[in-house]
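# An overview of the molecular structure
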Amino acid sequence: MSRVLYQPTWESLNEHKLPKWFMDAKLGIFIHWGVYSVPAWAPTYGEKKEYYNETIGHHPYAELYGYGMMYKNTPVWKYHVDTYGADFQYEDFIPRFTADQWNPHGWASLFKNIGAKYVVLVTKHSDGYCMWPTKQSHLNSMDTGPHRDITGELTKAVTAEGMKMGLYYSLTFNWYYPNFPHILYRDLSHKQMKELIDSYKPDLLWSDDYWKPHEKSYAATWQSKELISYFYNQAANPDEVLVNDRWGQEENGMQLGDFSTPEYSAIKNIPSFYWEMTRGLGISFGYNQNDEYMTPQELINMFVDVVSKNGNLLLNVGPKADGTLDAVQVDRLLALGAFMHVNSEAIYGTRAWVDSEGETADGSAVRFTTKDDHVFATVLGADSSAEVTIKGLFAQPGTTITLLGTNQELAWTQQASDLSIELPGQVPNPHAYSLKITPEPFRAMQKPKISLENKYGEIFRRSGFLTANV
């Protein structure tokens, strides 16, 4: 039987299906690490609503430090001049990007142990610095800085742990070559992305583009269809690889990609498409020495919420220039891992139920997932109550309810439209606990409107491969 080859056309690429492993995985780790990890600085604003301030030099993403340096009297420019002097160039940071304490196997082991199923490494961000020995530029981690093939070493470590490996590449935005005509930088981007595909055989190709909504043919300008078809066709099994949705708009206003990627924003209700929420443990992706991190409770709440709405969480870590991880970031990862060790059955391989959100009688949030004939109700914010009552949930006669982490069958009663469940004296995790209900209960609910709002305030819908503005 001959192998199907994908053509660089909308109709052909639209035939590609989302791999089941991705929908089952739920948790991935994003890694923003590079020259920008040396200054490790971005302005913070206290109130997270200020995240929406996209002004260059004011943006809270530390990975854009070099871009911010280019604009006089911005917070980044002022910090740089005060700290390093006006004559210190971005390239002068490269020798300080040493990775001399980096242990790729230590990273991979940590990510595996907390429950991640895939890892996505930033191989080149908008500063043009490449984390592999590219033949197209001297700005790479083998010729300069660490003098190591960061991408190759991490890929081996991650795959050895049984996780999938993804590679990020900033396709259209490179401030290091600000005067490049599109066609020349497009040629460089294509050559480098094909190097990554051919050399490292990633499971996931995560493109990032510089959004220009007024250019409806942006994907065509950058020949995104050609790159995606090349990636699919070079894979040992095209059905097991995938791409994200940041490849620019098509001529018909659609966006290419296998799944949607809202950034620092969530979906209120259950969408008809599969998605991946991406964000850092703090406000920045690249390591920012001033960052403000989520609490363990906030992190677990967010993760469970995303999973309940047919999503994955691509959770970012920002390592330091020497390759070590900030102690607070590690603490948050371990807290998430502790939750996963107890409650993974309510996460891996699940899908959204008829409703994602619920509430207990005392006001605690509940999130639902389902798998086979089971429904999992995860109560966020565990306490020592002897009983929990989930509003609007009807258990069928003969229902079995168990508490994950104990396999203990719990007594329950139906109180009109609410389900009351007796709990043991202490639940297994201080941040959340999951109840396994078999068979599937009934839910009193009003079907919500399905929508997604991303950080730019745009509303998107997706059906299968396609995304369109509505």
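Residues numbered from 1 in each chain as written. Predicted model: local features only at pLDDT ≥ 70, side-chain atom pairs only at ≥ 80, totals over all residues. Heavy atoms only, no water.

### Comments concerning the overall build of the protein
Of the regular secondary structure elements, the protein holds 11 helices and 21 strands. Burial analysis of the protein (470 residues in total) assigns 58% to the buried set. Carbon together with sulfur atoms contributes 50% to the accessible area of the protein, which is approximately 18800 Å² in total. (Helix = DSSP H or I, 4+ residues; strand = E, 2+ residues; numbered from the N terminus. Buried < 20%, exposed > 50% of the residue type's maximum accessible area, 1.4 Å probe, protein only. Areas by Shrake-Rupley, 256 points an atom, 1.4 Å probe, with all protein chains shown as cover.)

### Re the sheet that holds strand β3 (residues 164–170)
Strand order in this open sheet of 7 strands is β5-β4-β3-β2-β1-β7-β6, and the pairing throughout is parallel. The open sheet is flanked by β5 (242–243) and β6 (275–280), the only strands paired with a single partner. The sheet contact formed by strand β4 (residues 204–208) and β5 spans 2 bridges and is parallel. Within the sheet, the bridge partner assigned to Leu205 lies in β5 and is Val243. (Pairing = 2+ DSSP bridges.)

### A few points about helix α10 (residues 296–308)
Relative to the 18 Å expected for 13 residues at 1.5 Å per residue, α10 spans 18 Å between its end C-alpha atoms, a close match to the ideal helical length. When you tally the buried positions in α10, you get 10 out of 13 residues, the bulk of the element. Within α10, burial applies to Pro296, Leu299, Ile300, Met302, Phe303, Val304, Asp305, Val306, Val307 and Ser308. One or two residues past the end of α10 sits Asn310, with phi positive at roughly 65°. (Expected span 1.5 Å × (residues − 1).)

### As for the side chain of Asp305
Along the chain, the position of Asp305 falls in helix α10. Classification of Asp305 by relative accessible area gives buried; the value is 12%. Here Asp305 is in contact with Glu357 and Arg367, once residues within four sequence places are set aside. (Contact = heavy atoms within 4.5 Å.)

### Digging into the packing of α10 against helix α11 (residues 327–343)
Contact pair α10 / α11: the axes reach a minimum separation of 9 Å and the direction vectors enclose 50°. Taken together, α10 and α11 sit at an angle that is classed as oblique. The crossing of α10 and α11 is right-handed. Across the interface between the two elements, Pro296, Leu299, Ile300, Phe303 and Val304 from α10 touch Asp331, Arg332, Ala335, Leu336, Phe339 and Met340 from α11. The residue makeup of the contact of α10 with α11, split by class, is 9 nonpolar, no polar and 2 charged. (Axes fitted to C-alpha atoms, helices over the stretch in contact; angles between N-to-C directions. Parallel < 35°, antiparallel > 145°, perpendicular 65-115°, else oblique. Left-handed = near helix turned anticlockwise from the far one by under 90°. Nonpolar A, V, L, I, M, F, W, Y, C, P; charged D, E, K, R; others polar.)

### Observations regarding the nonpolar core
If you look at the biggest cluster of nonpolar residues, it comprises 112 residues, and the most contacted ones within it are Ile29, Ile31, Phe111 and Leu315. Residues within four places of Ile29 in sequence aside, it is in contact with Phe111, Ile114, Ala116, Tyr118, Val119, Val120, Leu314, Leu315, Val317 and Leu333. One finds Val375, Ile401, Ile421 and Tyr433 within the second-largest nonpolar core, a separate group that totals 20 residues. (Core = buried A, V, L, I, M, F, W, Y, C linked by side-chain atoms within 4.5 Å.)

### Details of the sheet that holds strand β11 (residues 387–390)
What links the strands of a sheet is backbone hydrogen bonding, and the strands pair in either a parallel or an antiparallel sense. As summarised here, the arrangement of the 3 strands in space is β11-β16-β15, forming an open sheet in which the pairing is antiparallel. In the strand order of this sheet, the two ends are held by β11 and β15 (412–415), each with one partner. Direction aside, the axes of adjacent strands within the sheet are offset by 20° on average. Note that β11 and strand β16 (residues 418–422) share 4 bridges and pair antiparallel. Within the sheet, the bridge partner assigned to Val388 lies in β16 and is Ile421.

### A look at the pattern of salt bridges
The full count for this structure, using the stated rule, is 14 salt bridges. Here Asp187 ties to Lys191 by a salt bridge, and the two come within 3.3 Å at their closest N and O atoms. Of this pair, Asp187 and Lys191 both sit in helix α7 (residues 182–200), 4 residues apart, which is roughly one turn of the helix. You can call Lys191 partly exposed: its relative accessible area is 40%. In this structure, Glu357 engages Lys309 in a salt bridge whose closest nitrogen and oxygen atoms are separated by 2.6 Å. With Glu357 in strand β8 (residues 357–359) and Lys309 in the loop between α10 and β7 (311–317), this residue pair connects regions lying 48 residues apart in the sequence. You can call Glu357 partly exposed: its relative accessible area is 32%. If you follow the salt bridges from partner to partner, you end up with Asp305, Lys309, Glu357 and Arg367 in one network. (Salt bridge = Lys/Arg side-chain N within 4 Å of Asp/Glu carboxyl O.)

### Some details on the side chain of Glu63
On the secondary structure map, Glu63 appears in the loop between β1 (27–31) and α3 (65–69). For Glu63, a relative accessible area of 2% corresponds to the buried category. Engagement of the side chain of Glu63 in a polar contact is seen with the backbone nitrogen of Gly286, the distance being 2.8 Å. Beyond its immediate stretch of four places on either side in the chain, Glu63 contacts His32, Tyr36, His125, Ser284, Phe285 and Gly286. (Polar contact = N/O pair within 3.5 Å; in protein donor to acceptor, adjacent residues only side chain to side chain.)

### Digging into the environment of Leu325
As for its placement among the helices and strands, Leu325 is situated in the loop between β7 and α11. On a C-alpha basis, the gap between Leu325 and Trp107 in space is 8.9 Å, while along the polypeptide they are 218 residues apart.

### Considerations on the packing of aromatic side chains
Across all of its chains, the model carries 33 aromatic pairs by this definition. With centroids separated by 5.7 Å and ring planes inclined at 85°, the aromatic side chains of Trp21 and Phe22 adopt a geometry described as edge-to-face. The pair formed by Trp21 and Phe22 is uniform in burial state, with each residue classed as buried. Sitting above the plane of the Tyr348 ring, Lys117 keeps its charged end 4.5 Å from the centroid. The positively charged end of Lys194 is found above the aromatic ring belonging to Tyr230, 4.9 Å away from the centroid. (Phe/Tyr/Trp six-rings, centres within 6.5 Å; stacked < 30°, edge-to-face > 60°. Lys NZ or Arg CZ within 6 Å of the ring centre and 35° of its normal.)

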